[in-house]
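# Tertiary structure, described
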Amino acid sequence: MDRRTFIGSVASAATVGLAGCSGSPTTFEASPADTTSAAAEETGYERQGTESQTISRDFAGTSVEAVNKVTTYEKTIDTVLGSVRAGVFAAVSTPAVEVAGETFNPVADYDTNELIGLLTSNYEGISNPTRVGESAVEILGESRTFVRYEATATFEGQQIDVFVHVTEALRDGADFVVPLVVYPTQLGQQGRDEAATLAGALRHPV
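Criteria and thresholds
- Residues numbered from 1 in each chain as written.
- Predicted model: local features only at pLDDT ≥ 70, side-chain atom pairs only at ≥ 80, totals over all residues.
- Heavy atoms only, no water.
- pLDDT = per-residue confidence, 0-100.
- Contact = heavy atoms within 4.5 Å.
- Phe/Tyr/Trp six-rings, centres within 6.5 Å; stacked < 30°, edge-to-face > 60°.
- Lys NZ or Arg CZ within 6 Å of the ring centre and 35° of its normal.
- Patch = residues over 30% accessible without salt bridge, like charges linked within 9 Å, V, L, I, M, F, W, Y side chains within 5 Å.
- Areas by Shrake-Rupley, 256 points an atom, 1.4 Å probe, with all protein chains shown as cover.
- Salt bridge = Lys/Arg side-chain N within 4 Å of Asp/Glu carboxyl O.
- Lys, Arg positive; Asp, Glu negative; His and termini not counted.
- Charge placed at Lys NZ, Arg CZ, Asp CG, Glu CD.
- Buried < 20%, exposed > 50% of the residue type's maximum accessible area, 1.4 Å probe, protein only.
- Helix = DSSP H or I, 4+ residues; strand = E, 2+ residues; numbered from the N terminus.

- As recorded in an unreviewed UniProt entry, the protein goes by DUF6517 family protein and comes from Halobaculum marinum.

Quick look at the structure:
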């Protein structure tokens, strides 16, 4: 599994529908998000760093750039394939792209089914997501619905079942933030608890 392609597809999808902007060329850059070092240490996830992804769109001769930030964490998990870095937490932030009081980033209107659909359509290594549950988690000071999907992921040519946790985009200041957690289903309740811990300790901006 190529985690950069996997996680990058979420961030890339976030601004794919930008439209309607006009005026001078403008760049909108998100502030990065992450989780606390205490939450990462408690759950065994190791920070891999923050990457920028720039997406450009032209509208009526005007160039608009949206700079997303993706902070990723990984965890090594013993699976049927051996020890694999199969646990992934990503904090994706994407600019609202607000012009004259109107927001043009379509992620504002995506529900979790659409976010998961964008993920699977942009990355063939994860497929067949089925919504199987949800829980309430306090994220960025508010109670949010953390939705859990069961899916199939391909690691090193082998398929394993995974859970994917995601919320709808959270508006925080000038950005939208999306927490995403993926781990093998074999972790069960432990995986769910760790996902809630990571998302509950989400910070933005950092």
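Structure's up, so let's keep going.
### Digging into the confidence of the model for the protein
- With 82% of its residues at a pLDDT of at least 70, the protein reaches an overall mean of 83.
- Low pLDDT (under 50) marks residues 13-22, which in the prediction has 33 contacts with non-local residues, meaning those over four places away or in another chain.

### Some remarks on the packing of aromatic side chains
- Tallying each qualifying case throughout the model produces 2 aromatic pairs.
- Note that Arg 148 overlies the ring of Phe 163, its terminal NZ or CZ placed 5.3 Å from the centroid.
- When the ring centre of Phe 176 is taken as origin, the NZ or CZ atom of Arg 171, which lies over that ring, is 5.2 Å away.

### Notes on a negative patch on the surface
- Residues Asp 109, Asp 111, Glu 114 and Glu 168 make up a contiguous surface patch of negative charge.
- The class of Asp 109 is exposed, set by a relative accessible area of 66%.

### A closer look at the pattern of salt bridges
- Within the structure shown, the criterion is met by 6 salt bridges.
- The residue Glu 29 makes a salt bridge to Lys 69 at a minimum N-O spacing of 2.9 Å. Of this pair, Glu 29 sits in strand S1 (residues 26-29) while Lys 69 sits in strand S4 (residues 62-79), placing them 40 residues apart in sequence.
- Exposure remark for Lys 69: the relative accessible area of 11% places this residue in the buried category.
- With a shortest N-O distance of 2.9 Å, Asp 34 and Arg 203 are connected by a salt bridge. With Asp 34 in strand S2 (residues 34-35) and Arg 203 in strand S13 (residues 202-203), this residue pair connects regions lying 169 residues apart in the sequence.
- In this structure Asp 34 comes out as buried when scored by relative accessible area, which is 2%.
- Residue classification places Arg 203 among the partly exposed residues on the basis of a relative accessible area of 37%.

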